[in-house]
Amino acid sequence: MLLLFLINHWAFFILVMVLMITGGLLSFLLPRVPTIIFLLFFVAISFGYTRLYDAAYFTIPILLITCIFTAIPIVLVKYTLYLQQIGERLETSS
């Protein structure tokens, strides 16, 4: 049932892709902002999406899908910035 909803409402896939790009970009440009703030913001956007398309039955799965797929680029960017800091520390110590 959820799969049929997602196939019929292809805008969800575009929403997730845009949120992934936005999440990665924002976490790179604003590295001091905690990850949970970004995730809560994107969950609020996807919650609005479920209300827009009247998908009350699929609210929780859509929110989980959005959280998982937007967390991937955010965590990768944060980890890359962390590794950059470690590399700079090692470079200055040797």
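Notes on the structure in this doc start here. (Residues numbered from 1 in each chain as written. Predicted model: local features only at pLDDT ≥ 70, side-chain atom pairs only at ≥ 80, totals over all residues. Heavy atoms only, no water.)

Quick notes on the overall build of the protein
Put simply, the rule reads: To qualify as a helix, a DSSP run of H or I must reach at least 4 residues; to qualify as a strand, a run of E must reach at least 2; elements of each kind are numbered from the N terminus. Here the globule rule is a power law, 2.2 Å times the number of residues to the power 0.38, and the radius of gyration is based on C-alpha atoms. The buried label goes to any residue with under 20% of its type's maximum accessible area, the exposed label to any with over 50%, and the partly exposed label to all in between, with areas taken from a 1.4 Å probe on protein chains only. Here the Shrake-Rupley method, with its probe set to 1.4 Å, supplies the accessible areas, and only the displayed protein chains count as covering residues.
Each helix and strand in the protein was counted, giving four helices and zero strands. Helices (α) and strands (β) of the protein occur, in sequence order from the N terminus, as α-α-α-α. Computed over C-alpha atoms, the radius of gyration of the protein comes to 17 Å, more than 25% over the 12 Å expected from 2.2 N^0.38 for 94 residues, which places it beyond the range of a compact globule. Taking all 94 residues of the protein together, the buried fraction comes to 31%. Accessible area of the protein: about 6,600 Å², with a carbon and sulfur share of 76%.

So, a nonpolar patch on the surface
This is how the line gets drawn: Only residues above 30% relative accessible area that lack a salt bridge enter a patch, with like-charged residues linked at up to 9 Å and the nonpolar side chains Val, Leu, Ile, Met, Phe, Trp and Tyr linked at up to 5 Å. Here, a salt bridge means any side-chain nitrogen of Lys or Arg that lies within 4 Å of a carboxyl oxygen of Asp or Glu.
Together, Ile60, Leu64, Ile68, Phe69, Ile72 and Leu76 make up an exposed nonpolar region whose accessible area comes to about 590 Å². In this fold, leucine 64 is placed in helix H4 (residues 59–93).

Thoughts on the environment of isoleucine 65
Put simply, the rule reads: Contacts are assigned to residue pairs that have any heavy atoms within 4.5 Å of one another.
Mapped onto the elements of the fold, isoleucine 65 is located in helix H4. Judged by its relative accessible area of 22%, isoleucine 65 is partly exposed. Remark: the alpha-carbon pair of isoleucine 65 and valine 75, spanning ten residues in sequence, is separated by 16 Å. Filtering out sequence-adjacent residues up to four positions away, isoleucine 65 remains in contact with Leu2, Leu6 and Phe12.

Remarks on the environment of proline 31
Among the secondary structure elements, proline 31 is positioned in the loop between helix H2 (11–29) and helix H3 (35–52). When the C-alpha positions of proline 31 and isoleucine 68 are compared, they lie 19 Å apart, and in sequence the two are 37 residues distant. Those residues in contact with proline 31 that sit more than four places away from it in its chain are Lys78 and Leu81.

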